[in-house]
Every structure is written in structure tokens, then in C-alpha cells.
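# Structural characterization, general
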Amino acid sequence: AEEDFSWFDLTEIELLRVKCLPHTLDVLRASSLYTPFHIQLSHKTQRARAHRRFIELLPPESRNVEDSLRVRVSTEQILTLPELKANPFRERICRVFSTAPERDSLSFEDFLDLFSVFSDAATPEIKSHYAFRIFDFDDDGTLNKEDLKCLVNCLTGDGQDTQLTSSEMKQLIENILEESDIDRDGTINLSEFQHVISRSPDFTSSFKIVL
Amino acid sequence: RRSHESKREEKEGGNTEIKARIPQRKKDIRRKRREVFGEDEWSKAEKSCNGKRKRDWKTSHKEQKEAKNREKQIQRKKEKQLKKHSSSPSISNSSDNEFIAEEEMAHIMEQVEEKKKVIATIRNKPWPMMKKLEVLREAQAFVEKFEGALGKGKGKKFYAYKMMMNKKWIKFKRDFDNFKTQCIPWEMKIKEIESHFGSSVASYFIFLRWMYGVNLVLFGLIFGLVIIPEILMGMPYGSIPRKTVPRAEEEKAMDFSVLWDFEGYIKYSALFYGYYNNQRTIGWLKYRLPMAYFMVGVSVFGYSLMVVIRSMASNAQENTGEGNGDNFTFSFKMFTSWDYLIGNTETADNKYASITTSFKESIVDEQESNKEENIHLTRFLRVLANFLIICCLCGSGYLIYFVVKRSQEFSKMQNVSWYERNEVEIVMSLLGMFCPPLFETIAALENYHPRIGLKWQLGRIFALFLGNLYTFLLALMDDVHLKLSNEEAIKNITHWTLFNYYNASMWNESVTRPPLHPADVPRGSCWETTVGIEFVRLTVSDILVTFITILLGDFLRACFVRFMNYCWCWDLEAGFPSYSEFDISGNVLGLIFNQGMIWMGSFYAPGLVGINVLRLLTSMYFQCWAVMSSNVPHERVFKASKSNNFYMGLLLLVLFLSLLPVAYTIMSLPPSFDCGPFSGKNRMYDVIQETIENDFPAFVSKIFGYIANPGLIIPAILLMALAIYYLNSVSKGLARANTQLRKKIQALREAEKINKSNKASAAMKSLQDTNNFKNTNQLQATEEGKLCWNSPLTPLQF
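The rules behind the values
- Residues numbered from 1 in each chain as written.
- Chains lettered and ligands numbered in written order.
- Predicted model: local features only at pLDDT ≥ 70, side-chain atom pairs only at ≥ 80, totals over all residues.
- Heavy atoms only, no water.
- Helix = DSSP H or I, 4+ residues; strand = E, 2+ residues; numbered from the N terminus.
- Buried < 20%, exposed > 50% of the residue type's maximum accessible area, 1.4 Å probe, protein only.
- Contact = heavy atoms within 4.5 Å.
- Areas by Shrake-Rupley, 256 points an atom, 1.4 Å probe, with all protein chains shown as cover.
- Patch = residues over 30% accessible without salt bridge, like charges linked within 9 Å, V, L, I, M, F, W, Y side chains within 5 Å.
- Salt bridge = Lys/Arg side-chain N within 4 Å of Asp/Glu carboxyl O.
- Axes fitted to C-alpha atoms, helices over the stretch in contact; angles between N-to-C directions.
- Parallel < 35°, antiparallel > 145°, perpendicular 65-115°, else oblique.
- Left-handed = near helix turned anticlockwise from the far one by under 90°.
- Nonpolar A, V, L, I, M, F, W, Y, C, P; charged D, E, K, R; others polar.
- Expected span 1.5 Å × (residues − 1).
- Phe/Tyr/Trp six-rings, centres within 6.5 Å; stacked < 30°, edge-to-face > 60°.
- Lys NZ or Arg CZ within 6 Å of the ring centre and 35° of its normal.
- Disulfide = S-S within 2.5 Å.
- pLDDT = per-residue confidence, 0-100.
- UniProt positions renumbered as here; feature names shortened; annotations may be inferred.

Broken down by element type, chain B carries 24 helices and two strands. The 798 residues of chain B split such that 42% are buried. For chain B, long-range pairs separated by at least 24 residues make up 77% of all intrachain contacts whose partners lie at least 6 apart in sequence. If you sum the accessible surface of chain B, you get close to 44500 Å²; carbon and sulfur atoms cover 62% of it.

What follows is the structure in C-alpha cells.
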């Protein structure tokens, strides 16, 4: 039965938002189903997988289609996913993709958004846009020195012996700004970031999560 | 949305009717919608998720901007449209209305196109899902409403039919694409490896899979166009001398040891060159087998060349501007070094460590780039190391030559032992196994940066393999020339044997004498088959050595470390020998050279590609298992994709180098007189001449005569050289323009900063002036001044 619900109809989502009668939902389910537009995962097995994984995160009483489209999953739950568990940016990722007011929970659509940006089918522009937002720790629209410092600390891990000394950090950040800051204002904005990323041959292949 | 819902309310009658009608009506709407967005969305989807990643960054960025602008226009137009809709009831979505004016129709069509473009580009927008859903819903409702109204008069139905067929075709393409994506083999296996070992180890397996695909196509070509026609339509085994095992070898022809050496029945089968008959056409289809053999041989190289270059070009498109002075080492390390596919904490820890090390290294690099201690000692050591390595290379080359010569003497003797029969292959494999570590130890003298050291190492291994292969070929060439010089003698023997047979006094005149049994006819030594057999044996021994190395070197070592650790004095897992890491470069080079051997040998042994396909298939499963069970993730996690083009370039070089011997033998050596599809001709390429003269109309051979004229070919080559020079200078000019633009941006920003600081100083001045007069004015000036200061680096602080 879970296989049917991997295909979503816009009307279905619409109806659910206005709390339709349960049996119309059954009628819809019984009719022919086809693919929605907004999922950039390239084929239906990936969509089915996404929905299945999302449902696994929900508490047992709301593991059906209507609830799965309404309920939000808290960030702690999302962080238990094996794909995100080892990622140093996992909290930032959840924050960036969350559309809740307190940015602490993800609905199914946010979940799909997340995996579609990280999938193979997303364009490099989309990936770099979201990467910028993930790296922007203070959410001010530019990467300043503090953001870069947090970034380096995330990348070097949590251990004491793997962190860089402050002089090394300073040197590193200066070098980075020297390379990427075209207009020399001390911060990296979105277009400069996208310019750097477009030159990187590895970005698209490493900025990828496969369910 | 408003219009859509209002429409729905119009049509919905009482509650009871809804339940009966909704499913059907919704089906219609859904079908229309599906077809509408299906068309545009998936045409974009095909381009973007085809796995080939041919994305033009600039144009799609432009498209994004255009689409955004257009979207605003659309919103405005939509509002106008809604007003129109409410005021002009004649525009409805029923297709019976024929009074739509020309102008309005063009206007509507334009809007519909815009909406469709929005639908198509919506997946490129970095908006949250809800926003995308809303925009899409509006766009779709609009398109659906007015699409049916676009055709007018009698052409309407045809237009609607055309649109429907178009949509069906798009849907079919989309489904086929989905199916194709599902057909890609081994996706889950590779994903598992990626999450454990990172993208660099997985890139080896992706390369292996790509090679498998290429070999499968080559196998299809050879099998379908050469082997199958000969088996089905050619003369069967035993009918002519070249297809029969000679009488002298017959008793031992079925022995396993003979078969293992690819003699006996295997030698006289469709796997090798010698089996093929030189009949011009075979079977009722009049299939021209010699021509097909030649063309397939050429197209194997042509297809491989095309596929390698296409792959290199698509890789190169992703690294735009590698060489025009943009050095982003630190930025790349910061922004792109984390591999998001890593799902394993152990790998993640390794990755943290390697990132830290690489940061520290590059910082130190940058600081010490001008420091060089004791240049002379370093230079002397490097020269010494290179000298030692060149000695090793020459030594291995000579060893191979010597061993091949010895094996030729052995083949003349009887009762050779197993070692003597396989000496050549054993020696080559041993050299391939032990020389690279030797090179690495010698390279410790050189004291290079690890990345540079790795490049030297790879270059040296490449030289080793190449030297070995070419020495092997040279030794083989001697053998070939020897065989060719014996041919005259054997021709005479054959002629006299047949003559004597038919003129012997035993036979009566009246009885038709049976022809001499093919097994008894004296045979020439078929040099092409010998060459083919040598390559097949080399490939098979290479396969065996690889598999045995993995089994012993990785698996048994892992078993030993795991199980003996309990009762050993020191910690086997942390110290020596510990678990092995997956040797990416060694494996990739092995794959490349194996492919080079296949390319060289496939002309003389058509069955070789089939053997390779089997080998790649088993290799995939075997190595996946070996990696997951016996290897640990690398301590220094390398990024593979940058070297992807390096390996492709190596493959291209190997392709050219393996083309050379084959081209040489085709052009300059005469084929054997009694075996193969070209027997009896002066040169192998004469088959083309023959086909053009006999099978094509007369003017075609004239045309070919003109084209093959050197007076035409040399100017064509000059023209191509000029084109390369021109393109080179164009790209240099573009790089220069790039740097100038960058300087311009910097200058603009400087000017802005100066402006700001001027404004600020002016504000401060006016502040000081008004300070003496009013307090309220002072406050206003402060506000103005503050507005100018949004940059953290403004020199003036307030």
C-alpha cells in the first residue's frame, strides 16, 4: 500500500490543505497517479524512497499519507538519518531548509526540497545558492570573517588536536579572501561565491546526498 | 488560483452530484495538467538529469534572470487578464468560441508561452516548495484555460490534436528516460562504497563501469558483424585447411594444457584471425566478410576514440578556466572539500584529519614557497634518482626482450615445462608488481611535495608499462618477420604436395579422386594468429595475476590481521601490516593498460573483446566485495574528479599508442597466404580498393581516387593546424578580457568606497557646522550619515 502513496498529485496536496473528506482521498488514490513537478529527484524510485524515509521518522500514529503531508518532523529526528549523521553541516542544513517560523522542524515538502537540492538532477546554480546559505552561519546574506571561522572549525572536526591555531586561522582566512573577494569589501557575497564554485570541478560531485 | 476555484464552484452543483462527478472531472483536469507541465518540465528534465551534466552556466543563469523578470510581467499581465476575464465573457475556455480577435489571440499565445517557460524553468529556482507550488498552480491554470482556445476555426481541432500528440511524445520520452536511468547497473553498490570510502575510491568503480559499457559496445560490434556471420554463413569447421587442426597436432588438440595455451581446437576457431575465409562474399546475403572485418577493426578504434574524447570534453566543460590564472586553492579547500556522500563516522573522522592536514600544509606551503635549502644537494639527489630509475626501466626492457627470444626457442623444442611455456607472461607480471614499489623507494631520495611526487610516480609506472609492452611487441615483430620470410618456402612445399597428390599413380583416371583431407595439407605459419594468441595469453595471465594479488594481498592479509591479532606481540591493526588501503592509481593504471592490450590485440583475435567483457564483469563484483571486506578508508582522502581528466588523457594516449602497431602491420606487412580474410592479397587494405571497384558504381572510385590525392590531403592538414592556432589565440584573448573585467570591478568598488568616504566626511563637516546651530538638524545629519555606512571597512567611525 505504501507504493501508491509515493506519487503525489497537486490536487491531493491542495485538498489536504483544506481538510477534505477522507473518502475523496480514497477516490483520488484509486485513480491514476502521476508525477508532480517540484521533485528534482530524477525518477520515481527516488521519490518513493524519499517518502518512505520520511514516514519512518514520524511517530507510529501518524504514518499515513494525510498526516505525513501535514506533520513536521523535528530537527533532532532528521539528524538521526544516516546520510546526515556524519555531516558537519547537518544543523545548518536543517535550519536552511526548514520553513517553520522557529526553523526547527521540516515538513515533507522541506524534506523533498532538501534531497532534491542534493540530488544529481539539481543544477549547479541551485546547489551553489543553497551551499551559500548553509555556510552563512549568521544568516546575514554574506560570508564575513566570523562565518569563515565557523566554517573552518566545522571542517576540522571537534577534536582539540585537529583545530587550527589562531595565527593559522587568520592566515587561512586572509588567503581565502584574497582569492575570492573580488570587490575587496572583506566579505564574500553570493555572486562571488557562485563565481568561485563555478570554477570548481569537484563541487557538483561532492555536494551530493543519495537516499 | 482564484479563476480556477471560481470555475470549480460554477460547475459544482449539489453535494450529491459532486461525489459522482468529481473523479471523472478531476481526471480530465489532471490529464491536461500532466500533459501540460509534462511537456515543458520534462524537456528540461531530460537535459538536466541525463547524467551527462552538459550545463551551460551562463545561459541558464541568464534564463533564470529572464524568467524572473518575465514572471513579474506575467503577474502583472495576469491581473490585467483577470480584469479582462470578468469584463469580457466572450473569452471562455470552451473551444467553440470563434470570435477571438487576432490581436487578443497573439497576446494570449505570448502569455501562454511565457507561462510555459515559467513552468519549465521553475525547477531552477532556489525558492522554497510552497512558493514554487503557488507559482506553478497559477501558471498551469492559466495555460490550461487558454490553450484550448488558441486554435481557431477548422484548424482548431488539428491544432489540439497536434498538441496532444506532442504531449504524448514528451511523456513517452520521459518514461523512456526513467527506464534508462533504472537500467544503469550497480548503482546501489557504488553508493555503498561511496559512503564508506569517499568519492575517490568510488570514482575507480565508476570508471570500471564506464569501461565495461565501452567494451560491451565493442563486443557487440565485433560479435555481430564478424563472428556471427562467419559462423552462420561461412564454411564450417573442417572443410578447408585453415579451419582444421593439422594432422600432426590432432591427438593432443583436446588436452587441457594445450587449450589453456590457446592452441589446439581453440586456435582453429572463430576466436582468432586465422579461421576466417577470404571468400569475397559469403552466404545468400552476399555478406562481404573481409571488408566487414577490416571496417570493424577500424571502427573499434574510431568508436573508442570518439567515446574517450566525448568524455574528456564533458569533463573539461566542468572545469572552466582551469588555466587562466585563477588560483582558488584555499577557497576550493574551504567550500568544496567536504564530501557530502560520507555517511560513516570513521570515514568522516579521517576526512576531518585530512582536511586539517591539507589546510596546514597549504599554509606552510604558502609561507615556505621562497625558501629552498641546499639546492645543490637536492638537485644531485634528484638526478641520481632519475638515473637509477632509467637504469631500472632499461633493465626491465632488456629482460623482456631476452625472455621473448628464449620463448621462441622453446617453442621449437618438444617437452617444454609449464614454466618455460609461460615464462614471458610471468616475467611481465612480476615486473609490473615489483617495479612500482621499487620506484617509490628510490623516489624517497627526491624529496618532492607529495602531490608532485605522485605525478612522477604515475609517470614512471606509465613509462614502465609502455616500455614493457613495446619491447614485447618488438620481439614479436622479429618473430613475425621470420615467419614471413619462411612463407615462400612453405608455399612451394604446399604446391608440390598437392601436385604430387593429384598426379600420384595410385589413382585411376575414371574414379574422381577425393580432394586431399584438409588436415593433411601443409600449413603456413600464420603470423597473425600467433600475434593474437600472444595477446590473449597476456591478457589472461594479467587477469589471473590481478585476482590473485587481490586475494592474497588484501583478503588474506586482512584475515591474518584480524585473526592473529589476539595472539601476536604487537598490535597488527595499528602497526605493520594492518589493513590495506585501496590502491586507486595502481588499479586505474592497470585497467588502462589492460584496455590498451585489448585494443592492440582485437584486430588479430576477435574473441579477445569477449574475454575482456567477462573479465570486467567479474572484476566489478570481485573488487566490490574485496574493497568492502578487506580495505580501510584512506588516511589522506584524495579528491578523484580533478584527476579524472588525467586518467582520460592517459587512456587517450594509450589508445594512440596501441593504434600504432596495428596500423603499421596493416600498412606494411603482407598478410599470410593461407589464413585469414585477407589471404592472397598483397596488403590488407587492398580489400577496400577491391570493394570500391567491384561493388560501387564507377564514379565512386573516381571520387575516392581524387580524395586520396596527397595534393588534397596536405592542404587539409595545414588548414586544421591553422584552425587550432586561431582557436588558441581566441582563448588567450578571452582570458585577457577576463582579467581586465576583474580589474574593472575592483576599480568600481574602490570608486564607491571613495564616494562613501567623501559623503561621510561631508556629512561630518555639515554635522560640525550645524552643531553650532541646532540640535534637531544634527540628529537628522547623523541619520543621513549612518545610512551611507553599511560597509564594515569604512575608514570613518562615528
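Helix and strand content of chain A: 13 helices and two strands. Counting over 211 residues, chain A shows a buried share of 61%. A sequence separation of at least 24 residues applies to 59% of the contacts in chain A between residues at least 6 apart. Roughly 8100 Å² of accessible area belongs to chain A as shown, and the carbon and sulfur atoms make up 51% of that amount.

Turning our attention to a nonpolar patch on the surface. Residues and elements named next belong to chain B. A contiguous nonpolar surface patch, about 690 Å² in accessible area, is contributed by Phe-699, Ile-703, Ile-707, Leu-712, Ile-713, Ile-717 and Met-720. Listing elements by their share of the nonpolar patch, those giving two or more residues are helix H22 (698-707) and helix H23 (710-771). Here the element with the most residues in the nonpolar patch is H23; it accounts for four residues. According to the relative accessible area criterion, Ile-707 is partly exposed, its value standing at 46%.

Phi at Asp-139 of chain A takes a positive value of approximately 55°, unusual for a residue other than glycine. By secondary structure assignment, the location of Asp-139 of chain A is in the loop between helix H9 (124-135) and helix H10 (145-155). You will see that Phe-262 of chain B, though not glycine, has its phi angle at about 60°, which is positive. Secondary-structure assignment places Phe-262 of chain B in the loop between helix H9 (256-260) and helix H10 (289-318).

Residue and element names in this part refer to chain B. Taken N-terminus to C-terminus, the directions of helix H18 (residues 584-601) and helix H19 (residues 608-630) make an angle of 165°; their axes are 10 Å apart at the nearest point. By the angle class used here, H18 and H19 are roughly antiparallel. Judged by the sense of rotation from one axis to the other, the crossing of H18 with H19 is left-handed. Two secondary-structure elements touch here, H18 through Asn-587, Leu-591, Asn-594, Gln-595, Met-597, Ile-598 and Gly-601 and H19 through Leu-608, Val-609, Asn-612, Arg-615, Leu-616 and Gln-623. Of the residues contributing to the contact of H18 with H19, the split by class is six nonpolar, six polar and one charged.

Between its terminal C-alpha atoms H18 of chain B stretches 26 Å, which fits the 26 Å expected from 18 residues at 1.5 Å a residue. In terms of residue burial, H18 of chain B counts as a mostly covered element, since 16 of its 18 residues are buried.

This next bit is on the packing of aromatic side chains. Residues and elements named next belong to chain B. Taken as a whole and judged by the stated rule, the model has 44 aromatic pairs over all chains. An angle of 40° between the planes, with centres 5.4 Å apart, marks the rings of Phe-462 and Phe-593 as tilted. Linking Phe-462 in helix H16 (residues 450-503) with Phe-593 in helix H18, this pair joins segments that are 131 residues apart in sequence. For the pair formed by Phe-462 and Phe-593, the shared burial category is buried. Ring geometry for Phe-555 versus Trp-625: centroids 4.9 Å apart, planes at 50°, classification tilted. One end of the pair, Phe-555, is in helix H17 (residues 527-564); the other, Trp-625, is in helix H19, and 70 residues separate them in sequence. Residue Trp-625 is classed as partly exposed on the basis of its relative accessible area, which comes to 38%. Residue placement shows Lys-115 over the ring face of Phe-142; its charged tip is 5.5 Å from the ring centre. Lys-243 extends its terminal NZ or CZ atom over the ring of Tyr-275, reaching a point 4.4 Å from the ring centre.

With the rule as written, the count across this model stands at one disulfide over all chains. Bridging Cys-526 of chain B to Cys-675 of chain B, the disulfide has an S-S length of 1.7 Å. Because the sign of the S-S torsion sets the handedness, a value of about 85° for the bond joining Cys-526 of chain B and Cys-675 of chain B places this disulfide among the right-handed ones. Separated by 149 residues along the polypeptide, Cys-526 of chain B in the loop between H16 and H17 and Cys-675 of chain B in the loop between helix H20 (641-668) and helix H21 (686-695) bring together distant segments of the chain. A relative accessible area of 11% means that Cys-526 of chain B is categorised as buried. Accessibility expressed as a relative area gives 4% for Cys-675 of chain B, which makes it buried. Cys-150 of chain A forms no disulfide, and the closest cysteine sulfur to it belongs to Cys-154 of chain A, at a distance of 6.9 Å. Here Cys-150 of chain A falls in the partly exposed class, since its relative accessible area comes to 33%.

Residue and element names in this part refer to chain A. For chain A, the average pLDDT comes to 72, and 72% of its residues sit at 70 or higher. Ranking the helices and strands of chain A by mean pLDDT puts H9 first, with 89, and helix H2 (residues 22-30) last, with 40. Taken together, the stretch residues 1-42 has pLDDT below 50 and engages in 97 contacts with residues farther than four places along the chain or on a different chain.

Right, let's get into the UniProt feature "transmembrane region" (unreviewed entry) in chain B. Residue and element names in this part refer to chain B. UniProt feature "transmembrane region" (unreviewed entry): in the numbering of this structure it lies at residues 210-232, 291-309, 383-404, 424-445, 457-477, 646-667 and 703-727. Secondary structure across residues 424-445 comprises 91% helix and 0% strand; the distance between its end C-alpha atoms is 32 Å. Summarising residues 703-727: 92% helix, 0% strand, and an end-to-end C-alpha distance of 31 Å.

Under the criterion given, the structure shown has 20 salt bridges over all chains. A salt bridge links Asp-695 of chain B to Arg-280 of chain B; the nearest nitrogen and oxygen atoms lie 2.6 Å apart. Remark: Arg-280 of chain B occurs in the loop between H9 and H10 and Asp-695 of chain B occurs in helix H21; sequence separation between them is 415 residues. Residue classification places Arg-280 of chain B among the partly exposed positions, given a relative accessible area of 26%. Residue Lys-491 of chain B is joined to Glu-488 of chain B by a salt bridge in which the shortest nitrogen-to-oxygen separation is 3.9 Å. Of the two residues, Lys-491 of chain B and Glu-488 of chain B are both situated in helix H16; the distance of three residues between them amounts to about one turn of the helix. Several salt bridges converge on common partners, so that one network encompasses Arg-92, Arg-95 and Asp-139 of chain A.

Attention shifts here to the UniProt feature "domain: EF-hand" (unreviewed entry) in chain A. Residue and element names in this part refer to chain A. The UniProt record annotates "domain: EF-hand" (unreviewed entry) at residues 123-158 and 168-203. Taken as a whole, residues 123-158 contains 64% helix and 0% strand, while its terminal C-alpha atoms sit 32 Å from one another. Between the C-alpha atoms that bound residues 168-203 the distance is 25 Å, and the span itself is 64% helix and 0% strand.

Bringing H9 of chain A into the picture now. Residues and elements named next belong to chain A. Its twelve residues give H9 an end-to-end C-alpha distance of 16 Å, which sits within 8% of 16 Å, the value for a rise of 1.5 Å per residue. Most of H9 sits inside the fold, with ten of its twelve residues counted as buried. Within H9, the full set of buried residues consists of Glu-125, Ile-126, Lys-127, Ser-128, His-129, Tyr-130, Ala-131, Phe-132, Ile-134 and Phe-135.

Time to look at the environment of Ala-348 of chain B. Checked against the element boundaries, Ala-348 of chain B lands in helix H12 (residues 345-368). Since its relative accessible area comes to 3%, Ala-348 of chain B is described here as buried. Separated by 153 residues in sequence, Ala-348 of chain B and Ser-195 of chain B place their C-alpha atoms 9.7 Å apart. Once residues lying within four places of it in the same chain are set aside, the contact partners of Ala-348 of chain B are Ala-86 of chain A together with Trp-338 and Ile-342 of chain B.

Further remarks concern the confidence of the model for chain B. Residue and element names in this part refer to chain B. Per-residue confidence for chain B gives a mean pLDDT of 76, with 77% of residues at or over 70. When mean pLDDT is compared element by element in chain B, H19 scores highest at 93, while helix H2 (residues 15-48) scores lowest at 43. Below a pLDDT of 50 lies the segment residues 1-64, which in the model reaches 104 contacts outside its immediate sequence neighbourhood of four places, other chains included. Segment residues 320-325: pLDDT under 50, and ten contacts once partners within four positions in sequence are set aside and those in other chains are kept. Model confidence for the complex: the whole-complex pTM is 0.66, and ipTM, which rates the interface, is 0.75.

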